[in-house]
Amino acid sequence: MLVQKPPMGWNSWNTFGENISEKLLMETADAIVSTGLKDCGYEYVVIDDCWSLRERDKNGRLAADPEKFPHGIEYLSDYIHSKGLKFGMYSCAGTKTCAGYPSSFDHEFVDAQTFADFGVDFLKYDFCYKPSYVSGPLLYHRMGIALKATGRDILFSACNWGSDNVWQWIRSTGAHMYRSTGDINDSLNSFRDIAMSQLPMLGYSAPGCFNDTDMLICGMYGKGNVAFGGCNDEEYKMHFALWCMMASPLMIGCDVRNMTKETLELLTNKELIKLNQDAEARPPFPVGGNISNELVLFRHLENNEYALAAFNFNDAACRRCVELYDIGISNHTGYGLELNEIFTNENLMVRENFFVSLKPHTCKVYKAKVVKL
Ligand code: GLA
């Protein structure tokens, strides 16, 4: 199976938009290695939109912009592979990419071969400019088959923003991950709304094909292509913890050549990554009633372990009571939870219920075991 765990890597779009180049990509690959991101599992280095010329070449193939990529794409691909990383690119199911470059509609097989010839290991496949007379799912079937026809292992990353109830059919196209929402921007409201919209859909996300809740904004601090006010470090912790709880692919979106200490610490947090990469990839479930702008999630992990995470999206502090009954542990059973908070290492033994105190825009994430007390 090509994709057993949520894919991890970096994508150019969130910070750089159309300002991409061979130099940026090579420096990014270097930084992924030198900062230790690679050792934590980040492996795909992906160029998003705006990499090609405005016209196909004389053979009808997509061609890289020589000003951005002076030595050609194979040169870059070889460089990224020489670092022990994998290489990703971008195209679109419609007649143009979202930024207006040539796209793969009715060119699926020749484009898939071009990507394979480039040495691509990952293809993000967008959904702009789709002709209205053809079905969206069919276009993902086409590219799914075209990629396989190349004979190369290429991770197929679908990006139709949740259209046509994507979760219901996308696995049948051969895709390995699927964007399920519109584009993220660098704000708490954006990552909160994405998470809330996808929690009920996560039962469809599993090894083989994962729900992609979009590239990470951690470490952008309001700069870059999807800037929108920005977040602080506590808010980025909430964002990263949510993506890990949801088993979303972890595609970094910041400039990894210039990360703060806090950003690097968060993106390399071994406990959160372990949670994200859990082999069973089960969805979390919300605990207790719907309290506006607070969220408690509980998730079964492999090896009889669990995770419990509490999020406060409110501008005021909260003190949330978690009833173990709502998780499935009634008090009369004599069982409770042994908890270890991932960021602070605080340990707790709890029975029946406990309170989580959260400052505004913060979270707590606990590793949990069910124990007889
Ligand atoms: C769409 C996608 C984004 C990005 C841009 C590029 O909006 O959802 O992730 O790929 O296109 O133009």
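Just above, that's the structure.
Cut-offs and rules
- Residues numbered from 1 in each chain as written.
- Predicted model: local features only at pLDDT ≥ 70, side-chain atom pairs only at ≥ 80, totals over all residues.
- Heavy atoms only, no water.
- Pairing = 2+ DSSP bridges.
- Helix = DSSP H or I, 4+ residues; strand = E, 2+ residues; numbered from the N terminus.
- Disulfide = S-S within 2.5 Å.
- Buried < 20%, exposed > 50% of the residue type's maximum accessible area, 1.4 Å probe, protein only.
- Axes fitted to C-alpha atoms, helices over the stretch in contact; angles between N-to-C directions.

**Digging into the sheet that holds strand E11 (residues 306-312)**
Sheet architecture is open: 6 strands sit in the order E9-E10-E11-E16-E13-E14, paired in antiparallel fashion. With partners counted over all chains shown, the strands left at the sheet margins are strand E9 (285-286) and strand E14 (347-350), one partner each.

**As for the state of the cysteines**
Formally, a disulfide is one covalent bond, and it connects the sulfur atom of one cysteine to the sulfur atom of another. Tallied over the entire structure, the rule returns 1 disulfide. Linked covalently through their sulfurs, Cys98 and Cys128 form a disulfide whose S-S length is 2.1 Å. Disulfide Cys98-Cys128: the torsion about the S-S bond is 100°, which places it as right-handed. Residue Cys98 is found in the loop between strand E3 (86-92) and helix H4 (108-118), and its partner Cys128 is found in the loop between strand E4 (122-126) and helix H5 (136-149); the two are separated by 30 residues along the sequence. Look at Cys128 and you get buried, because its relative accessible area is 17%. Cys98 provides the cysteine sulfur closest to Cys159, a residue in no disulfide bond, and the two sulfurs are 6.9 Å apart. Owing to a relative accessible area of 1%, Cys159 belongs among the buried residues under this scheme.

**Considering the sheet that holds strand E8 (residues 250-252)**
Strand order across the open sheet formed by 8 strands is E7-E6-E5-E4-E3-E2-E1-E8, with parallel pairing between neighbours. Lying at the two open borders of the sheet, with one neighbouring strand each, are strand E7 (210-212) and E8. Taken over all neighbouring pairs, the strand axes of this sheet differ in orientation by 25° on average, direction set aside. In this structure, strand E2 (residues 44-46) lies alongside E3, joined through 3 bridges in parallel fashion. Residue pairing across strands places Tyr44 opposite Lys86, the latter belonging to E3.

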